[in-house]
Amino acid sequence: MLTPVATYRIQFSPSFGFDSARSIVPYLSELGISHIYASPILKAKSGSLHCYDVVDPNRLNPALGTEDDFQRLIEATAANELGWVQDVVPNHMAFDSDNQMLMDVLESGPQSSYFGFFDIDWDHGYENIRGRLLAPFLGRFYGECLEDGEIALSYGPEGLSVRYGDLSFPASIRSYPTFFSYGVNDLKKRVGAEHPDFVKLLGILYVLQTLDPSGDRTDWQDQVKFVKRILWELYSQSHEFRAHLDRNIEAFNGQKGKPESFSLFDELLSQQFFQLSFWKVATKEINYRRFFNINGLISVRTEDEEVLDQTHALILGLLRQGAFSGLRIDHVDGLFDPTTYLERLRKRAPDAYIVVEKILDVGEELPETWPVQGSTGYDFLNDLNGLFCEVSHERALSRTYSTFTGSSARLRDLVISKKMLIIQEHMAGEVNNLAQELKTISSRDRHGSDITMYGLRRAIAELLSAFPVYRTYINSDAPSDNDRRYIAEAVDRAMNRGPALMPELNFIRRFLLLQFPPYMEEEQKREWVAFVMRFQQFTGPLMAKGYEDTALYVYNRLISLNEVGGSADRFGMKVQDFHYIAERRQNQWPGSLNTTSTHDTKRGEDVRARINVLSEIPAEWDKKVRHWGKINRPKKRRVRELGVPDRNDEYFFYQTLLGAFPNDSREYPQFVERLKDYIIKVVREAKVHTKWIQPDAPYEEAYLAFVDAVLDRSVPNEFLEDFLPFQRKIAHYGVLNSLSQVLIKITAPGVPDFYQGSELWDFNLVDPDNRRPVDFQTRHSMLRDIGQRSRGRLQALIRDLLASPHDGRIKLFVIHRALQARKRFRETFQQGTYIALATTGDLRRHVIAFARRAEPGWALVLAPRFLCALVDEGRYPLGEEAWRDTEVVLPADMPAEWQNTFTDQVLHTGNSMRVGRALDRFPVGLFVSHLHES
């Protein structure tokens, strides 16, 4: 297995397919990337922009190009010595007409080869969906849609189908007799009992009525194919039969305005293996597991090895052929048994580089038993980001936030309340299912016989809401110490909120910890374990929806900390803590990705770098935000006695403006429109004044009007006159933060990962803003210019980069030069020891210093931070004047001669390195041992 030097995330889409990716392969190779890191490439739902809604796991996505296009891309990566890490989606597929596996289930029911592929409870406790799959896609109540003719029956070469909008579901074979026998006597009168087509129809009806669903599956499927073929031949060749079926279609589809005319169709629909329903029904009643709370994504039972092999056949085949060298496993926490899945995957891909998308809480570690190289790096993102948040100013920033907004909410309490809101509005059906399953099992346990469904429902909801991490990993083995700790913490929190639920919570705790009574039989134990494993599948989605997608848009103290996998109330990180984490990372998970932006992050890495500057200047920020609130008050409309936006949304808005404001004034009009789209998403996600399921148009319109007024450049604008100079200041120090941030990402333990386009300034906002097209041609042109000018005119190039930081070339320069060093000293950065270096002097807190060592190679990193106190706006922290007596203490066995990767200067040291000398021409430093190159 070859660990990547650096990965580059490509977001495939219909507008950026295989050919587009092939055109950038030379650029990525020149940049220093070793592996493409690709979003899903399997056939997705028609029109999908992200391709996570797969409909066929064994076909390449035709929206991305042909098989020949894909092969040419593979050949290009090989020719440029690039590996390929492929994103795999094992947890779900699209609930869509193009999903032929699922459509086969709807047509054939238990006789389908794929009947056990999807996570469906066919024996649900509710009669109306027992034996049927809920299909919650109607825009209104079922009866209204039916009687208005929105649901329609049609017939074609593939048989009978039920249509609603763009959806088309096959009618079940068991319902064919109902339709094809309707009006058969009228047909008999028209053509006569001896007509060969009529006789053929009677024969087909007999076959349909005598099909044995409990017989051999292959025989049954062959008979169905035969019946459908004969029926289509009759329809295609017999005028009388065609007219008969067309009359039937018309009769079943009813007449709008005559409710009684839809009874035939209603009866036929009751015979299907699906139950069409209003989409909101799924929030209260549901019998299939979804990806999060998305009705259109149905989960797959990958815990079944046959399912795993069939859904992974193409991906594993390409891995064996050498087209891929690694896999990225999406949403590993959604799987029934992640540990077993990963073990089986590793057995099938023994030499693959494998990372998992796993959100880790502060202090939480990946399970040591997982046979993977690490995570996709959200833990690293938040640890690194914390280095640029000034811990000592937490109280001042908290005071400004609470004073401006009037909010004194604790994040933990907010998260629990938002989780409860998600349960009530989106996941009550899942909680009901868990309670029903637990009630069934507990009724066989003498200690649980008095536990009521009502109590179980409430207790499960409280426990899910109180869970401190995304999930535990209990299976048939005994719970780990971490599992026990997280369960105990969740139960304690839930009891504090609902002490009346103590009996139910204690009972559930015994369940989750697998504390079997001594008299329990093995079959009952297996049911118990299965419940616990299913329970674990819902803590993650609830955390994601309640915390990531809701609370992080409400708790707005410093929104650079509001990130996936982060804790918004952890205000910064001390350097010594980062060093400790980095050492552990090198020892335990050196193959984990070091990411700073992904397709799921709440804002681009350089937006965060700018907003972090506010933590350095709390008094100035307090003064500015109060002033802006005052001068913009007249621009607010009142909606239900509330000035819009409310103070919390307004506080969020100002931080976003500072972080995402474009460097190029030509981008301003587009930025305003992007910002408005973003604002609507933010306030709907927050679910305070408006929601996706129930938009509040007056609030949203008033907020958009506020944005237009505040950012209007066509008239004298007091706000912009005050805001723009302050934003320029923030932007300057944001540049310095960003350069240090990207240098640490490349040189710290782990594999540096770059989200597409982020090699220049990344001022993207949350998806879909961060999926906008990337101008690779400009980036490649810039890189070539940097390469050419570095040869012989390096110092002139550096002066140019420092003079024009806003075009992003300075960041590209740092990335390119550091990646070349990483390639050159590959062993040093991949296997080398991480050595925290002490700093001395009055400004020692303002530089992060560490070394990497793998004999005979050495590397030393200097990354400045908190520079508002060091240099004036527009200036760089260069030379002795800026750094004064600041030094880095060097171990005695370090080399005495170093080469600066960015300036090519050779530096001689003794037992210390003076930061002013080391950083006299460029604001960050990567030094390699000139005489000990590996």
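Only a predicted model underlies this, so the values are computations on that prediction, with no experimental measurement involved.

Caption draft 1: Geometry of the layout of surface pockets. Approximately 750 Å³ is the volume attributed to the second largest pocket. In terms of lining, the second largest pocket is formed by 25 residues, of which the most central are Glu-667, Leu-760, Trp-761, Arg-772 and Arg-779. If you list the elements that add at least two residues to the lining of the second largest pocket, you get helix H25 (668–686) and helix H28 (776–790). In terms of residues, the lining of the second largest pocket owes the most to one element, H28, which gives three residues. Within the lining of the second largest pocket, the residues separate by chemical class into eight nonpolar, nine polar and eight charged.

Caption draft 2: Summary view of the packing of aromatic side chains. Counted according to the given criterion, the structure contains 60 aromatic pairs. An angle of 65 degrees between the planes, with centres 5.5 Å apart, marks the rings of Trp-628 and Phe-723 as edge-to-face. Of this pair, Trp-628 sits in helix H23 (residues 618–631) while Phe-723 sits in helix H27 (residues 718–747), placing them 95 residues apart in sequence. Exposure class is identical for Trp-628 and Phe-723. Each is buried. Over the ring of Tyr-486 we find Arg-485; its NZ or CZ atom is 4.9 Å from the centre of that ring. It is Arg-610 that lies over the ring of Phe-763; its NZ or CZ is 3.8 Å from the centre.

Caption draft 3: Fine view of the pairing of strand E15 (residues 353–356). What you see with E15 is no split at all: Tyr-353 and Val-355 on one side and Ile-354 and Val-356 on the other are buried throughout. In the classification by handedness, the crossover that spans strand E14 (residues 326–329), the intervening helix H13 (residues 338–348) and the parallel E15 is right-handed. For E15 and strand E16 (residues 374–375), the ladder comprises two bridges, and the chain directions are parallel. Counted as the bridge partner of Val-355 is Gly-374 from E16.

Caption draft 4: Fine view of empty space enclosed by the protein. What the rule picks out here adds up to seven cavities of 30 Å³ or more. The computed volume of the largest cavity comes to approximately 150 Å³. Lining the largest cavity we find 18 residues, and of these Leu-42, Pro-57, Val-89, Pro-90 and Thr-311 sit closest to its centre. Within the residue set of the lining of the largest cavity, elements represented by two or more residues are strand E4 (54–60), strand E5 (83–88) and strand E6 (92–94). In terms of residue count, the dominant contributor to the lining of the largest cavity is E5 (three residues). Split into classes, the residues belonging to the lining of the largest cavity amount to 11 nonpolar, six polar and one charged. Roughly 70 Å³ of volume is contained in the second largest cavity. Lining of the second largest cavity is provided by Asn-382, Asn-385, Gly-386, Leu-561, Gly-566, Ser-567, Arg-570 and Gly-572.

Caption draft 5: The sheet that holds strand E22 (residues 839–840), seen in detail. Taking strand neighbours across the sheet as the criterion, the three strands line up as E22-E25-E28 in an open arrangement whose pairing is antiparallel. The open sheet is flanked by E22 and strand E28 (912–914), the only strands paired with a single partner. Relative to E28, strand E25 (residues 887–889) is paired through three bridges, and the arrangement is antiparallel. Opposite Val-888, over in E28, you have Met-913 as the bridge partner.

Caption draft 6: Structural context of the state of the cysteines. Scanning the model with the defined rule gives zero disulfides in all. Not engaged in a disulfide, the cysteine Cys-868 finds its nearest cysteine sulfur in Cys-389; these two sulfurs lie 13 Å apart. According to the relative accessible area criterion, Cys-868 is buried, its value standing at 18%.

Caption draft 7: Layout of the pairing of strand E29 (residues 925–929). A large share of E29 lies buried, amounting to five of its five residues. Residues Gly-925, Phe-927 and Ser-929 point to one face of E29 and Leu-926 and Val-928 to the other, with burial holding for every one of them. Sheet topology places strand E24 (residues 857–864) next to E29; four bridges connect them, and they run antiparallel. Pairing of Leu-860 across the sheet is with Phe-927, part of E29. In terms of strand pairing, strand E26 (residues 897–900) meets E29 through three bridges, oriented antiparallel. Considered in E29, the bridge of Gln-899 is made with Val-928.

Caption draft 8: Seen up close, helix H7 (residues 196–210). In this model H7 runs 21 Å from its N-terminal to its C-terminal C-alpha over 15 residues, within 8% of the 21 Å that 1.5 Å per residue would give. Within H7 the residues assigned to the buried category are Phe-198, Leu-201, Ile-204, Leu-205 and Leu-208. Buried residues of H7 fall within an arc of 120 degrees about the axis and therefore sit on the same side. Turned more than 90 degrees away from the buried face of H7 sit Pro-196 and Tyr-206, all of them exposed. Check the buried side of H7 and you find it contacts helix H5 (176–180), helix H6 (184–191), helix H8 (217–237) and helix H9 (239–253).

Caption draft 9: Representation of the side chain of Gln-586. With respect to the helices, strands and loops of the structure, Gln-586 is situated in helix H21 (residues 575–588). Of the residues examined, Gln-586 reaches a relative accessible area of 9% and is grouped as buried. For Gln-586, the side chain forms a polar contact with the main-chain oxygen of Gly-832, separated by 3.5 Å. Within polar-contact distance, the side chain of Gln-586 engages the side chain of Arg-852 at 2.9 Å. The residues touching Gln-586, leaving out its near neighbours within four places in the chain, are Pro-749, Phe-829, Gln-830, Gln-831, Gly-832 and Arg-852.

Caption draft 10: Spatial organisation of the pattern of salt bridges. As enumerated under the stated definition, the model contains 61 salt bridges in all. The partner of Arg-328 in a salt bridge is Asp-87, and the shortest N-O contact between them spans 3.0 Å. Of the two residues, Arg-328 is situated in strand E14 and Asp-87 in strand E5; the sequence distance between them amounts to 241 residues. For Asp-87, a relative accessible area of 3% translates into the label buried. Here Asp-119 ties to Arg-289 by a salt bridge, and the two come within 2.7 Å at their closest N and O atoms.

Caption draft 11: Structural view of the environment of Glu-563. By the secondary structure assignment, Glu-563 is in the loop between helix H20 (522–548) and H21. For Glu-563 and Arg-603, which are 40 residues apart along the polypeptide, the C-alpha to C-alpha distance reads 7.9 Å. Sequence-distant contacts of Glu-563, defined by excluding residues within four places in its chain, comprise Leu-381, Asn-382, Leu-552, Thr-601, Lys-602, Arg-603 and Arg-608. Here the side chain of Glu-563 touches Lys-602 through a polar contact of 2.7 Å, landing on its backbone nitrogen.

Caption draft 12: Looking closely at the sheet that holds E26. Taken together, six strands build an open sheet; the order of strands is E21-E23-E24-E29-E26-E27 and the sheet is antiparallel. Both outer strands of the open sheet, strand E21 (833–836) and strand E27 (906–908), are each paired with one neighbouring strand and no more. Neighbouring strand axes in the sheet, compared pairwise and without regard to direction, differ in orientation by 25 degrees on average. Note: strand E23 (residues 847–854) against E24, eight bridges, orientation antiparallel. If you follow Ala-851 over to E24, its bridge partner there is Leu-860. Most of the contacts of H21 go to E21, to which it runs at about 170 degrees, and overall it touches E21 and E23. Contacting E23, E24 and E29, H27 crosses the sheet at an angle of about 155 degrees to E24.

Caption draft 13: The arrangement of the packing of helix H16 (residues 411–442) against H20 in detail. One can describe the packing of H16 onto H20 by two numbers: an axis separation of 9 Å at closest approach and a directional angle of 155 degrees. For the element pair H16 / H20, the angle class is roughly antiparallel. The way H16 lies across H20 gives a crossing that is right-handed. Among the residues forming the contact of H16 with H20, the class breakdown is 17 nonpolar, one polar and seven charged.

Caption draft 14: Spatial organisation of unusual backbone geometry. In this structure, Pro-768 follows Asp-767 across a cis peptide bond, with omega equal to 10 degrees. Take Pro-768: it is sitting in the loop between strand E20 (751–755) and H28. The peptide bond linking Glu-855 to Pro-856 adopts the cis configuration, its omega dihedral lying at 5 degrees. Within the fold, Pro-856 resides in the loop between E23 and E24. Its identity as a non-glycine residue notwithstanding, Leu-514 has a phi of 55 degrees, on the positive side. Along the chain, Leu-514 turns up in the loop between helix H19 (502–512) and H20.

Conventions adopted
- Residues numbered from 1 in each chain as written.
- Predicted model: local features only at pLDDT ≥ 70, side-chain atom pairs only at ≥ 80, totals over all residues.
- Heavy atoms only, no water.
- 1 Å grid on protein atoms, 1.4 Å probe; cavity = no way out; pocket = protein on both sides within 12 Å on 5 of 7 lines; lining within 4 Å.
- Points joined across faces, edges and corners; volume = space filled by probe spheres on them.
- Helix = DSSP H or I, 4+ residues; strand = E, 2+ residues; numbered from the N terminus.
- Nonpolar A, V, L, I, M, F, W, Y, C, P; charged D, E, K, R; others polar.
- Phe/Tyr/Trp six-rings, centres within 6.5 Å; stacked < 30°, edge-to-face > 60°.
- Buried < 20%, exposed > 50% of the residue type's maximum accessible area, 1.4 Å probe, protein only.
- Lys NZ or Arg CZ within 6 Å of the ring centre and 35° of its normal.
- Right-handed = clockwise from strand over helix to strand, strands pointing away.
- Pairing = 2+ DSSP bridges.
- Disulfide = S-S within 2.5 Å.
- Expected span 1.5 Å × (residues − 1).
- Arc of directions from axis to C-beta.
- Contact = heavy atoms within 4.5 Å.
- Polar contact = N/O pair within 3.5 Å; in protein donor to acceptor, adjacent residues only side chain to side chain.
- Salt bridge = Lys/Arg side-chain N within 4 Å of Asp/Glu carboxyl O.
- Axes fitted to C-alpha atoms, helices over the stretch in contact; angles between N-to-C directions.
- Parallel < 35°, antiparallel > 145°, perpendicular 65-115°, else oblique.
- Left-handed = near helix turned anticlockwise from the far one by under 90°.

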